[in-house]
Amino acid sequence: MLGNFSFGDYFKAGAIEYAWELLTKIWKLDVNRLWFTVFEGDEGVPADDEAAKLWVKAGAAPDRVLRFGKKDNFWSMGDTGPCGPCSEIHYFRGEDLSKNTSALVNGPGDDTMEIWNLVFMQYDRDANGALNPLPAPSVDTGMGLERIASVLQKVDTVYDIDAFQTIVGKIEEIGGHRYGGEMEKDLDTAVRVLCDHARSTTFLIADGVIPSNEGRGYVLRRIIRRAIRFGRKLPKAVVLSALVDAVIKAMGSAYPELKGRREAIHATLNAEEERFSRTLTVGVERVGQLLDEIRTRGERTISGEEVFRLYDTYGIPVDLIGELAEEEGVALDREGFETMMSSARAKAKASSKFQTSTDTATFARIAEKVGPAEFVGYDNYANVPSVVKAIVVDGQERDVLHHGSEGDVALSPTPFYAESGGQIGDAGTLEWQGGRATVIDTQKPVGEFVVSRVRVDEGHLSHGATVRASVPEPTRLDTTANHTATHLLHKALKDVLGDTVQQAGSLVAPDRLRFDYTYHQPLTEAQIKAIEDLVNEKVRENVEVTKTTMPIADAKKSGAVAMFGEKYGDRVRIVAAGDWSREFCGGCHVNRTGDIGVFKIISDRSLAAGVRRMEALTGRGALTYFQNLDESAHALQQQLNEKQKQLEREVKQLRMKLASGAAAPLGGALETAVDVAGVKLIARRADDISGGDLRNLADELRSKIKSGVVVLGSATDGKVTLLTAVTKDLVDRVPATSLIQKLAPIVGGKGGGKPDLAQAGGKDAEKLDDALESASEALRELLSA
């Protein structure tokens with residue numbers, strides 16, 4: 001997207017004048033093909049007569065300026081905030097100008113296409129819908145780069161522009177279909193989809209996005225899958241991984257990072273294409289069979305149950321089912337599908353580590369039998385003597401967990417914190433006589449009953465065995481630092497942004513912390529800095545972090561902050577950082593805020609409407625982050641130093657080139673030489689050139705004129721350098737030293753040297769031009785002596 005912007009500077013007149021100049025004078029578009037639209041006014045919002053008059057003033061015919069409503073010619077950020085009328089520019093691309101009518105503007109067909117939109121933000125809409133004039137109206141324009149390229153290159157579509165030709169050519173080569181030919185024009189759609197998706201996926205993966213089932217990764221996955229399906233429509237199937245090199249060839253010079261990420265892009269696409277191709281082969285056939293059955297039944301909708309069967313049994317994505325159905329004019333019962341999915345999710349707690357229906361019953365029975373575990377991991381987490389109270393494998397209680405097996409183990413006492421309150425479940429080790437196991441995770445499958453997922457690495461683990469349970473000290477210390485920092489961050493957000501901020505979720509891990517919070521707009525850099533500074537201020541104060549258990553009523557009276565939607569018992573644990581932060585929390589925390597070390601916010605972004613996500617680092621994680629930044633800064637500094645040296649060399653060469661006349665036409669230096677009593681004289685100013693370079697320049701000019709005299713002057717930082725050079729055949733008649741002695745006093749200096757080369761320094765830079773102009777007369781005097 002191209003654009004130009006003005007914030008409190010030029011407004012409508014300037015924007016329209018610039019647009020007209022670019023389109024008609026610089027790009028020389030035919031004014032008879034251009035149309036201009038303005039806002040016609042609506043519901044108390046005045047028409048934009050000013051813009052209409054300005055287009056006519058710029059040169060547009062009055063009948064070329066059309067008026068439309070809010071849908072086409074009014075822009076806003078949302079229900080409230082900056083807004084204003086906009087003016088669109090449309091271009092007729094058809095061959096027959098007699099068909100170039102106003103009806104095609106915002107109308108049917110593609111012959112008349114919008115190429116530029118000028119948005120005039122002149123109002124601020126308040127919560128009541130009233131429009132108040134902005135104190136500093138602004139301009140924000142947007143022009144489609146590929147659209148304008150297609151116009152300027154006089155091609156039919158954006159896929160015909162030069163930037164796409166390398167990619168299109170590769171698709172033609174592999175797919176066996178000539179794009180834009182007379183035959184099988186429906187296959188051109190497949191070429192366009194592949195062309196567009198090859199570029200998008202290449203850039204997404206280069207930026208670090210990987211296919212997944214959420215967020216950006218899900219968008220990427222859908223793009224890849226759609227491309228695979230269209231690639232199979234060509235005579236020979238084309239996949240995106242085969243087009244990566246063509247994309248890099250077309251775009252790599254402008255985006256060199258594509259070349260560096262080539263292997264990663266190929267590997268990612270290959271893996272995703274291979275995985276989905278297997279699904280697609282079966283899926284397309286199954287959906288096709290179902291569509292035939294639906295048509296036979298005279299129906300036009302795939303039921304939710306049928307969609308779910310395709311999704312659940314064959315792994316066919318719902319969006320793919322929808323696309324295939326849409327091509328046949330068949331709808332999907334998405335509401336019915338979601339109902340089926342909800343039911344499946346309720347049953348599918350079987351897919352989680354602990355919460356299958358069988359597991360729940362088993363764990364509930366064990367919890368009633370053995371009672372709650374004693375958690376000692378707040379202060380004691382290394383080599384804790386512990387007893388195996390129960391072992392569960394695949395939902396069944398067992399007496400032993402064999403070497404190489406995984407199961408869920410109930411321990412008491414236990415140093416392992418079960419995931420809750422945002423803090424992830426602990427991992428660590430178990431050791432006993434003749435055996436060792438890895439603790440992978442710790443959870444609460446029912447109520448407060450704690451079990452650890454364990455893998456036996458050596459020996460066998462038996463029910464009733466005594467083990468030494470340990471959480472690695474660095475892990476515990478890093479986790480406690482991040483957890484307390486999360487509390488400080490919560491309080492800092494409220495202090496900086498206001499008490500309306502509420503916690504919407506969190507993640508506390510050893511390597512990072514994440515905090516979701518409610519807020520209505522993006523944070524400014526100043527706000528983020530203020531939040532970070534406030535947390536670090538509390539860290540430096542090194543206040544005591546107290547943990548107190550009390551009745552929930554007393555906790556609420558104390559002003560402690562509870563997590564909305566969280567369930568608490570009659571007695572709760574309050575974690576307080578001095579008298580500044582107080583929260584309900586059962587997690588692991590530092591003893592003093594100084595134990596956090598340092599706090600660094602690394603990102604803040606929108607998570608959903610009205611919800612933002614902030615991520616941060618503390619302690620060792622922050623130190624590693626700073627070290628990486630330092631290394632990057634050093635690397636960049638080295639690159640900049642090298643670049644600076646290179647540029648300095650280039651500037652020096654350019655100055656020498658300009659001073660020597662090499663950049664001038666028709667011989668350069670010889671053209672500027674004057675004849676003084678039969679002797680050639682070059683007198684030239686060459687500022688900011690060192691004495692050594694000045695001498696080199698003099699030698700170069702002497703060699704060019706063969707026989708003659710060269711006088712050079714340079715001013716640098718108020719100081720003057722004068723230099724005279726004489727070719728060998730003239731040193732007896734015009735010694736360079738004699739000439740320098742005549743010129744040096746003019747700039748307040750004196751000098752000396754040899755008969756063929758002399759130099760002087762001076763203090764009066766303002767007289768340098770006078771000295772150079774006097775060279776001709778001084779030479780004449782020496783020649784006549």
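It should be emphasised that the depicted structure is a prediction, and the values quoted were computed from it without experimental measurement.

Trainee: Please clarify how the sheet that holds strand β21 (residues 545-551) should be interpreted in this entry.
Mentor: The strands making up a sheet are joined through hydrogen bonds of the backbone, oriented either antiparallel or parallel. One open sheet accounts for 3 strands, arranged β21-β22-β23; its pairing is antiparallel. Edge positions in the open sheet fall to β21 and β23 (581-584), since each of these has one partner strand only. Averaged over all pairs of adjacent strands, the angle between strand axes in this sheet comes to 25°, irrespective of strand direction.

Trainee: Sorry, what's going on with the packing of helix α7 (residues 215-231) against helix α10 (residues 262-296) here?
Mentor: Closest axis-to-axis distance for the α7/α10 pair is 10 Å, and the angle between their directions is 60°. When the axes of α7 and α10 are compared, the pair comes out oblique. The element α7 and its partner α10 pack so that their crossing is right-handed. Between α7 and α10, the residues in contact are Arg221, Ile224, Arg225, Ile228 and Arg229 and Leu269, Glu272, Glu273, Arg275, Phe276, Ser277 and Leu280, respectively. Split into classes, the residues belonging to the contact of α7 with α10 amount to 5 nonpolar, 1 polar and 6 charged.

Trainee: What is the right way to look at the packing of aromatic side chains in this model?
Mentor: The geometry of an aromatic ring pair comes down to the distance between the two centres and the angle between the two planes. This structure, assessed with the given rule, holds 12 aromatic pairs. An aromatic cluster of three or more residues is present, and its members are Trp20, Phe36 and Trp55. Over the aromatic face of Trp35 sits the side chain of Arg64, whose NZ or CZ is 4.0 Å from the ring centroid. Across from the ring centre of Tyr378, 3.8 Å away, lies the NZ or CZ of Arg573, which sits over that ring.

Trainee: Help me understand the pattern of salt bridges in this model?
Mentor: Opposite charge on two side chains allows them to pair when their charged atoms are near. For the coordinates displayed, the defined rule picks out 40 salt bridges. Put simply, Glu323 and Arg229 hold a salt bridge, and the shortest N to O gap is 2.6 Å. Separated by 94 residues along the polypeptide, Glu323 in helix α12 (residues 318-327) and Arg229 in helix α7 bring together distant segments of the chain. An identical accessibility class is assigned to Glu323 and Arg229; each is buried. Linked through salt bridges whose partners overlap, the residues forming this network are Arg226, Arg229, Lys233, Glu323 and Glu327.

Trainee: Please explain the pairing of strand β14 (residues 428-432) as it appears in this structure.
Mentor: Look at any regular strand and the pattern is simple: side chains alternate between the two faces of the sheet. The buried fraction of β14 is high, at 4 of 5 residues. Where β14 meets strand β15 (residues 435-446), 5 bridges bridge the pair, whose relative direction is antiparallel. Its bridge partner lying in β15, Thr429 is registered against Thr438. The turn joining β14 and β15, which pair antiparallel and follow one another in sequence, is formed by 2 residues; a positive phi near 85° is taken by Gly434.

Trainee: Would you explain the nonpolar core in this entry?
Mentor: When a protein is soluble and globular, its nonpolar side chains tend to lie buried together. Judged by nonpolar contacts, the single largest core of 55 residues is most densely connected at Ile171, Leu194, Leu234, Leu240, Ile302 and Ile321. Take this core: its biggest share by element is 10 residues, from helix α6 (residues 187-206).

Trainee: What exactly am I supposed to notice about unusual backbone geometry here?
Mentor: Residues apart from glycine generally show negative phi values, whereas peptide bonds are mostly found in trans. Cis peptide bonds are those with omega within 30 degrees of zero, and the linkage from Ser412 to Pro413 qualifies with -5°. Position of Pro413 among the secondary structure elements: in the loop between β13 (406-412) and β14. For Asp394, which is not glycine, the phi torsion reads 50° and is therefore positive. Mapped onto the secondary structure, Asp394 falls in the loop between β10 (384-393) and β11 (396-398). Non-glycine residue Lys706 carries a positive phi angle of around 70°. Here Lys706 lies in the loop between α20 (691-705) and β28 (709-716). You can call Lys706 exposed: its relative accessible area is 66%.

Trainee: I'm lost on helix α1 (residues 12-26) in this one. Help?
Mentor: Given 3.6 residues to a turn, an α-helix orients residues that are three or four positions apart in the same direction. With 15 residues, α1 extends 20 Å between its outermost C-alpha atoms, agreeing within 8% with the 21 Å of an ideal straight helix rising 1.5 Å per residue. Lys12, Gly14, Ala15, Ile16, Ala19, Trp20, Leu23 and Thr24 are the residues of α1 that are buried. The secondary structure elements touched by the buried residues of α1 are β2 (34-39), α2 (49-58), β5 (81-92), β6 (112-125) and β7 (131-143). Looking one or two residues past α1, Lys28 carries a phi angle of roughly 55°, positive in sign.

Trainee: Sorry if this is basic, but what is going on with the sheet that holds strand β30 (residues 750-753) here?
Mentor: One open sheet accounts for 6 strands, arranged β26-β27-β28-β29-β31-β30; its pairing is mixed. Each edge of the open sheet carries a strand with a single partner, namely β26 (674-676) and β30. Going from strand to strand, the sheet's axes swing by 20° on average, the running direction of each strand aside. Set on the sheet, α20 makes contact with β27 (679-685), β28, β29 (719-726) and β31 (757-762); between it and β28 the angle comes to about 155°. Along the sheet face, helix α21 (residues 736-743) touches β28, β29, β30 and β31 and points at about 150° away from the line of β29.

Reading the values: the criteria
- Residues numbered from 1 in each chain as written.
- Predicted model: local features only at pLDDT ≥ 70, side-chain atom pairs only at ≥ 80, totals over all residues.
- Heavy atoms only, no water.
- Pairing = 2+ DSSP bridges.
- Helix = DSSP H or I, 4+ residues; strand = E, 2+ residues; numbered from the N terminus.
- Axes fitted to C-alpha atoms, helices over the stretch in contact; angles between N-to-C directions.
- Parallel < 35°, antiparallel > 145°, perpendicular 65-115°, else oblique.
- Left-handed = near helix turned anticlockwise from the far one by under 90°.
- Contact = heavy atoms within 4.5 Å.
- Nonpolar A, V, L, I, M, F, W, Y, C, P; charged D, E, K, R; others polar.
- Phe/Tyr/Trp six-rings, centres within 6.5 Å; stacked < 30°, edge-to-face > 60°.
- Lys NZ or Arg CZ within 6 Å of the ring centre and 35° of its normal.
- Salt bridge = Lys/Arg side-chain N within 4 Å of Asp/Glu carboxyl O.
- Buried < 20%, exposed > 50% of the residue type's maximum accessible area, 1.4 Å probe, protein only.
- Core = buried A, V, L, I, M, F, W, Y, C linked by side-chain atoms within 4.5 Å.
- Expected span 1.5 Å × (residues − 1).

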